[in-house]
Amino acid sequence: MDTDSLLVATNKVISVEKNYTKAIALCQLGIKKAPNYLDFYVSLGNAYKMTNQIDSARYYFKYVIAKNTNYKEAFSYLTRLEIEQNKADAALQTIDQALVLCPEEKDFHLLKLRALELENNPKATATYLSFLIKKYPEDTTLKDRLFDMKLDAYGDRIGISNTTTVFNRSGVGPWNYTSLHYAKQLKNATIIGRFDYNDRQSSGTSVLSGSMYELETYYKTSPKNYSFLNIGISNDRIFPKVRLNYSFFQNLGKGWETELGIRYNKTNTTENYSTALGFGKYLGAGWFNLRSYFQIGQKKPYPSFASTYRYYFNSRYDYFAINAGYGTSPDERETISQFDQRVSLNSYRIGAGYNKVVFKKFIIGAQTGFNRQEYTPSKYQNEINITLQLQWLL
């Protein structure tokens, strides 16, 4: 059998028969017959790779590159091997060498993109994606990948929301709560700055209003857990003077997550401490969360409970949500100044919401909720909340 026929037979054994031990023997025979025929070395590298002999596969791919830098397939095979072994540095070193020799080879650029993704540096990956979009404007899949990255990884956002609360009790309301925020995504943290304005009216006249400044962050403390910290400051009676919240989240595996946190609110006359306990579970495309709060240092713990279910469609910003709860929690910004009065009273609430990304640039959301609130012992009022929000992906 001549060397060309032997090579064809060898590749058939690899791709069709998948008999890699036999393929290795054929490759070695081919190298013995034609030691300068580099295709046998490439096939031998692939056969070793398929039998998980990674060091041997790497050796033969590198051997081919050293002998002939124009052998594009050897660069591709070696880069893919390093990517599959999660060796980002080695993959980038190989593909950068290939791109110096063949700067217009699109497959090499796409392999570099895969190698960059291994580094877990979304900004660097997005920068290279932006370069590729300019270089290959006809490839719409690149634009989609960049958009998905912004949604899932690092997208900075500016947003505004407004919640209007109406009451069925004469002379009460409406209340309007407006929040403007900017979210900055870093490698292992999200930092959010907020400006909140609350205006409570009675019979169409403002009776209490004011603003609060907040800074909050979600930051990874390890691959299995992360923390949430919120600080709020205000000089107006409608908000706490100081608001401090902290929660620690632990990933338990198999879609389970737990939360342990503390809440602190200080007004002109009172201080309040609460614990937050919760768990979450991912169920396919859905996510369920149950959170409870208990007061510390009070005669009674006055527990409250909040449950949420979200069903996601395309990204973390596309979802339908329903929620239900009992009691008043310290996480409710709209009523936080009334927390000390409401916490000991009954409250029964349900709600629903919908979020959607539109034009690959904006996130719109709408939520509504109904709260059957005890405002004095044995007397109730109905509260209906309507929230509209708009966020701009930067």
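Data block above holds the structure.
(A) Spatial organisation of the overall build of the chain. The helix and strand tally for the chain stands at ten helices and 14 strands. With the principal axes as the frame, the chain shows a C-alpha extent of 100 × 40 × 30 Å. Taking as baseline every contact in the chain between residues at least 6 positions apart, the subset at least 24 positions apart corresponds to 45%.

(B) Quick peek at the layout of surface pockets. In this structure, the second largest pocket spans a volume of roughly 600 Å³. Lining the second largest pocket we find 37 residues, and of these Arg200, Leu208, Ser337, Gln338 and Gln341 sit closest to its centre. Among the secondary structure elements, those contributing two or more residues to the lining of the second largest pocket are strand E3 (189-202), strand E4 (205-222), strand E8 (271-283), helix H10 (339-342) and strand E13 (362-376). By residue class, the composition of the lining of the second largest pocket is eleven nonpolar, 17 polar and nine charged.

(C) Representation of the packing of helix H3 (residues 38-50) against helix H4 (residues 54-67). One way to put it is that H3 packs onto H4 with a least axis distance of 7 Å and a crossing angle of 160°. When the axis of H3 is compared with that of H4, the two are roughly antiparallel. Two packed elements cross with a definite hand, and for H3 against H4 that hand is left-handed. Between H3 and H4, the contacting residues are Leu38, Tyr41, Val42, Leu44, Gly45, Asn46, Tyr48 and Lys49 on the first element and Ile54, Ser56, Ala57, Tyr60, Phe61, Tyr63, Val64 and Lys67 on the second. Looking at the contact of H3 with H4 residue by residue, the class counts come to eleven nonpolar, three polar and two charged.

(D) Region of interest: the nonpolar core. Formed by 49 residues in total, the largest nonpolar core has its most connected members in Leu44, Val64 and Phe108. Per-element accounting of this core gives the leading share, seven residues, to H3. Excluding residues within four positions of it along the chain, Phe108 makes contact with Lys72, Phe75, Ser76, Ile95, Ala98, Leu99 and Cys102. Among the nonpolar cores identified, the runner-up in size contains eight residues, and Leu208, Met212, Phe339 and Val343 belong to it.

(E) Region of interest: the pairing of strand E7 (residues 256-266). Here strand E6 (residues 242-253) pairs with E7 via eleven bridges, running antiparallel. For Val242, the partnering residue across the bridge sits in E7 and is Lys266. Linking E6 back to E7 in an antiparallel pair, the connection comprises two residues, with Lys254 at a positive phi of about 55°. As paired elements, E7 and E8 share eleven bridges and run antiparallel to each other. Across the sheet, residue Glu259 finds its bridge partner in E8, namely Gly278. Linking E7 back to E8 in an antiparallel pair, the connection comprises four residues.

(F) Representation of the packing of aromatic side chains in the model. Enumeration according to the criterion identifies 23 aromatic pairs in this entry. With centroids separated by 6.2 Å and ring planes inclined at 35°, the aromatic side chains of Tyr41 and Tyr60 adopt a geometry described as tilted. Separated by 19 residues along the polypeptide, Tyr41 in helix H3 and Tyr60 in helix H4 bring together distant segments of the chain. For the pair Phe167 and Trp175, a centre-to-centre distance of 4.8 Å together with 65° between the ring planes defines the contact as edge-to-face. Through a chain of ring-to-ring contacts, three or more aromatic side chains come together here, namely Tyr41, Tyr48, Tyr59, Tyr60 and Tyr63.

(G) Summary view of helix H6 (residues 88-101). Taking 1.5 Å per residue as the helical rise, H6 with its 14 residues ought to reach 20 Å, and the 20 Å between its terminal C-alpha atoms agrees with that figure. Listing the buried residues of H6 in full gives Ala88, Ala91, Leu92, Thr94, Ile95, Ala98 and Leu99. Buried positions in H6, seen along its axis, are confined to an arc of 165° and lie on one side of it. Of the residues in H6, the exposed ones pointing more than 90 degrees away from the buried face are Asp89, Gln93 and Val100.

Calculation criteria
- Residues numbered from 1 in each chain as written.
- Predicted model: local features only at pLDDT ≥ 70, side-chain atom pairs only at ≥ 80, totals over all residues.
- Heavy atoms only, no water.
- Helix = DSSP H or I, 4+ residues; strand = E, 2+ residues; numbered from the N terminus.
- Contact = heavy atoms within 4.5 Å.
- 1 Å grid on protein atoms, 1.4 Å probe; cavity = no way out; pocket = protein on both sides within 12 Å on 5 of 7 lines; lining within 4 Å.
- Points joined across faces, edges and corners; volume = space filled by probe spheres on them.
- Nonpolar A, V, L, I, M, F, W, Y, C, P; charged D, E, K, R; others polar.
- Axes fitted to C-alpha atoms, helices over the stretch in contact; angles between N-to-C directions.
- Parallel < 35°, antiparallel > 145°, perpendicular 65-115°, else oblique.
- Left-handed = near helix turned anticlockwise from the far one by under 90°.
- Core = buried A, V, L, I, M, F, W, Y, C linked by side-chain atoms within 4.5 Å.
- Buried < 20%, exposed > 50% of the residue type's maximum accessible area, 1.4 Å probe, protein only.
- Pairing = 2+ DSSP bridges.
- Phe/Tyr/Trp six-rings, centres within 6.5 Å; stacked < 30°, edge-to-face > 60°.
- Expected span 1.5 Å × (residues − 1).
- Arc of directions from axis to C-beta.

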